[in-house]
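If you want the building blocks of each chain, they are given just below.
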Amino acid sequence: MEVMTFNIDKDRRNLVDDKQNFSIDFHDSKYNWLQARQYEESMRQVEVHVVHGNGSPVDLTGMNPVFEGWLPEGLYRIIDAKHSVMIDAQNGIFRFDFPAPAFQIAGSYKQAFFRLMKDGKSVTTLEFSLDVMADKVISGLVPSDYITPFEDLYNQLNTIYKNGDQLVKDTINEWISKFQEAFTKWTGDYETINNTVKNLTIQLDELEQKIKADGLMTQADLDKAFKPLVAELGSVTDFKASGDSLVEKTINEFSERTINVKWYGAKGDGVTDDSAAIQSAINAAFADGGNISVFLPAGTYLISTTLNLMATNDQSDFFNGHGVHLIGHDKSSTTIVKNNNVKGSNGYDSVIEVAGFVVNSTASARSGTSIWIKNLTLKNNSTAAESWAIHGKAFQRGYMEELNIKAVNGIYLNDPYCSRYIGVFLQVQELGMWLDGGTSNYLQSCYVQYGKNAFKINSYYSTLDTCFAGDCTGTIFDFPLAYGISMVGCGDEAPHSRYKIGIGDGVLEIMGYFSNFPIGDTANGLAINDCAIVHAYGNATLSLKGLELGFITDMPAKNDVYFAHYEDDINASVKVSDVRYITSNGYGGADGGNVHRLIYASDPTDLNDDGKIDVKGTSVLTRRNFGQPYVGMRNLKDAFNTSMYPKAIYLDNLDDTHTSTADLASEPGYNQGDLLLYNNPGGRGLLGSVATNTAETVAQNNFAHIPLVMGGTKSSRPKISINQIGIMYFDTDLNKPIWWNGHAWVDYQGTVS
């Protein structure tokens, strides 16, 4: 008996020259080689020693050596799992007795190795070279595949033939009993499995009748009975799950898969009502006890009522609980359509209702853990105003990914916690995504199209990442409550929207936002001046860094859009930095057009709305409504209840009215002591002016001017207005000082000079 020793620490894969055809070239290296003669059987044995690199034996306890080979000419396979004999497992020694089918064809094996199996898994392979010498004397063995599990089936059938009628009946009944026992372990009425059992029973019945009638069985009869059986069962190697028998492998493989809705009768043909079938699959998954997936093959599944997707949660332990996973083949090919206005059992008109059940009865909230909805298109053709694609409560640790949604409203979830929404695209008529409460939610690459309001987030410490909207007409991102909300790389292409950002209460931070500048919506009666980038309707803090605005067209100055819309009686803080504009004329816009205003109040008589803009690291306070920058404490007294007098120094002033085109009756007034610095003090002979009273409007303010002591030639006298009385100028041509009396320059005696 030949002895072969394998060192499993040495990697021989580099010797494989032709990986596609498994051509092994051992070159001049030391390798294991075995030679046999055609048609030898049982006495052709080999003793195998398996060692480590240091020469110590490999413990083979619990392992089963299987010989696998690809015969010369490359047409047939050998898989032999029954002819190994373990001699000394602890010292790595086994014997293998080669069967005659291994030597059917003369020549060199395309590939030959022992595979060491343990617990149904391949541990390693031991490659060797196998040459079969031709036998010129004996011939007639017809080459074929030799796979021992099927050979066992053949032998069982042969035993049926030899042992006669009673054993036939007993054996067949035993086979049927084993199959039925195995398949009844799977819950549900699986059509495919039942058909398989029926077919096997019919074939075995025919075999029994044949033996009873003829009393014998020819090779042709055996082939006729055996081949359909093989066709039904498939090859053992087709089943990747663990198990020693075909039945075990089948049981294990199905138990590890998802539940298929077609096992419960769903058709997916777009005509049949699949509501009951899909719900039955969901119920079976939920009853199974933990995160079981329900799979929908490609197709269109018509439903007439809402699907209830269920989960449990133990409020006393955050880690407990389980939910059903509803997963389609692909969002482009797997669609669920609800084609009516019927409300589900929970009272909502939606395609899917997320329903939670609390294990701990003392808990007040209803929530469900780990519900998944993936790879689906959901359509709700209901016309009801309160219809949704997905509706639910307390979507906890849930997951929505790769969804296409088309409905009046998209997604509503009450109190979602620690959940993720990735790649959700919604075409809606009203509201896209509404997260009403909850914390720690994450939205990434979600898109809303055609709706009035795209995103409504009423949540705590959550993030929106690369979310966007197109062709919406209301508020793109609305945050009634935003306690620690951040947005990163978001934007919209919705020029007809009224507001880009709505903020009520809380703190919202935005890093990077692109938008089309609002141009109104004449179809819905929305004027340009009714639009704004930010709508502040509560006492929130908003920080927006990195805003890029693209103009669809160049708008004349009279149609300028205000930056922020402040509602009455609020104390919001809006901070904006790094703003850039893009028009058809490039960055910055055209002269005379695209002028934006930073502060806007809905009531023109409310004169205390201020804002702040940061540009290149410089913070500037701005007084509405022309964005007049200032430093100081304009409204500090009202905001912080301080006794300090609210005075400020105003910059960028053409005159006492700030700009020659200002409406003095509506422009907010100055406080007594406010200082206005003129833009051209030298040309006017004035540093600026001081407000001598506090007024509600500029028209009600009085001003005292601050003159400059200037001198020069007569031709260099400053050009001043009538009301700037008292300005002094030293005329070097006259060599004396002169004063402006409101009408002319005069000397100290009143003589016009």
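The preceding data block contains the structure.
Note that the coordinates shown come from a computational prediction; the quantities given were computed from them, not determined experimentally.

What follows deals with the overall build of the protein chain. Helix and strand content of the protein chain: eight helices and 54 strands. Of all 753 residues assigned to the protein chain, the portion counted as buried reaches 47%. Taking all contacts inside the protein chain whose residues are at least 6 apart in sequence as the whole, residues at least 24 apart take part in 56%. For the protein chain, the exposed area adds up to about 35900 Å²; of that, 51% sits on carbon and sulfur atoms.

A sheet is described by the order of its strands in space; here three strands give the open sequence β4-β13-β10, paired in mixed fashion. Among the strands making up the open sheet, the edge pair consists of β4 (33–37) and β10 (107–108). Pairing between β10 and strand β13 (residues 129–133): two bridges, direction antiparallel. Across the sheet, the residue bridging to Ser-108 is Asp-131, located in β13.

All right, on to the sheet that holds strand β54 (residues 745–746) then. Hydrogen bonds along the backbone pair up the strands of a sheet, which may run parallel or antiparallel. Spatial strand order, β51-β52-β53-β54: four strands in an open sheet with mixed pairing. Whereas interior strands pair on both sides, the edge strands pair on one side only; in this sheet they are β51 (710–712) and β54.

Here the focus is the pairing of strand β52 (residues 728–731). Only one face of β52 is buried, namely the one carrying Tyr-729 and Asp-731, since none of Met-728 and Phe-730 on the opposite face is buried. Here three bridges tie β51 to β52, and the two strands are oriented parallel to one another. Paired with Met-710 across the two strands is Tyr-729, which belongs to β52. Where β52 lies against strand β53 (residues 736–740), four bridges are found, and the strand directions are antiparallel.

Let us look at the side chain of Asn-409. Here Asn-409 is to be found in strand β28 (residues 409–414). Looking at Asn-409, its side chain comes within polar contact range of the main-chain oxygen of Ala-385, at 2.8 Å. Polar contacts involving the side chain of Asn-409 include one to the main-chain carbonyl oxygen of Ser-387, which spans 3.1 Å. With near-sequence residues (within four places) excluded, Asn-409 lies in contact with Ala-385, Glu-386, Ser-387, Trp-388, Ala-389, Val-428, Glu-430 and Leu-431.

Right, let's talk about helix α6 (residues 275–288) for a bit. The end-to-end C-alpha separation of α6 is 20 Å, in line with the 20 Å expected for 14 residues at 1.5 Å each. Among the residues of α6, Ser-275, Ala-277, Ile-278, Gln-279, Ala-281, Ile-282, Ala-284, Ala-285 and Phe-286 are the ones counted as buried.

For the rest of this paragraph, the subject is the pairing of strand β20 (residues 325–328). Judged by which residues are buried, β20 turns out to be covered on both faces: His-325 and Ile-327 on one side and Leu-326 and Gly-328 on the other are all buried. Pairing of strand β17 (residues 293–296) with β20 involves four bridges; the strand directions are parallel. Paired with Ser-293 across the two strands is His-325, which belongs to β20. Note: β20 against strand β24 (residues 372–380), three bridges, orientation parallel. Along β24, the bridge assignment pairs Ile-327 with Lys-374.

Once that is clear, we can look at the environment of Asp-652. Mapped onto the elements, Asp-652 comes out in strand β47 (residues 648–653). Asp-652 sits 24 residues away from Leu-676 along the chain, and the two C-alpha atoms are 8.3 Å apart.

Take a nonpolar patch on the surface next. A cluster of nonpolar side chains, Val-631, Ile-649 and Leu-651, forms an exposed patch at the surface whose accessible area comes to about 210 Å². Within the secondary structure, Val-631 sits in strand β46 (residues 628–632).

Take the pattern of salt bridges next. The tally for this structure, following the rule as stated, stands at nine salt bridges. The residue Asp-731 makes a salt bridge to Arg-717 at a minimum N-O spacing of 2.6 Å. Taken together, the positions of Asp-731 in strand β52 and Arg-717 in the loop between β51 and β52 put the pair 14 residues apart, joining distant regions of the chain. Neither Asp-731 nor Arg-717 differs from the other in exposure class; each is buried.

Parameters and conventions
- Counting restarts for each chain: residues are numbered from 1 in the order of the written sequence.
- Confidence filtering applies because this is a predicted model: local features only for residues at pLDDT of at least 70, side-chain atom pairs given and counted only at 80 or more, and all residues used for totals across whole chains, interfaces and linings.
- Side-chain numbers come from the whole structure's heavy atoms, not from hydrogens or water.
- Each helix corresponds to a stretch of at least 4 residues labelled H or I by DSSP, and each strand to a stretch of at least 2 residues labelled E; elements are numbered beginning at the N terminus.
- Exposed residues in this analysis have more than 50% of their type's maximum accessible area, buried residues have under 20%, and partly exposed residues fall in between, with area computed by a 1.4 Å probe over protein chains only.
- We call two residues in contact whenever any of their non-hydrogen atoms come within 4.5 Å of each other.
- Values of accessible area rely on a 1.4 Å probe in the Shrake-Rupley scheme; residue burial ignores everything except the protein chains shown.
- Here, a strand pair is defined by DSSP locating no fewer than two bridges between the strands.
- As used in this structure description, the phrase polar contact means that two N or O atoms lie within 3.5 Å; if the pair is within protein, one of them must be able to donate a hydrogen and the other to accept it, and residues adjacent in sequence are counted only when both atoms belong to side chains.
- Helix span, expected: 1.5 Å multiplied by one less than the number of residues in the helix.
- Patch definition: residues with relative accessible area over 30% and no salt bridge; like charges joined within 9 Å; nonpolar side chains (Val, Leu, Ile, Met, Phe, Trp, Tyr) joined within 5 Å.
- The salt bridge definition used is simple: a Lys or Arg side-chain nitrogen within 4 Å of an Asp or Glu carboxyl oxygen.

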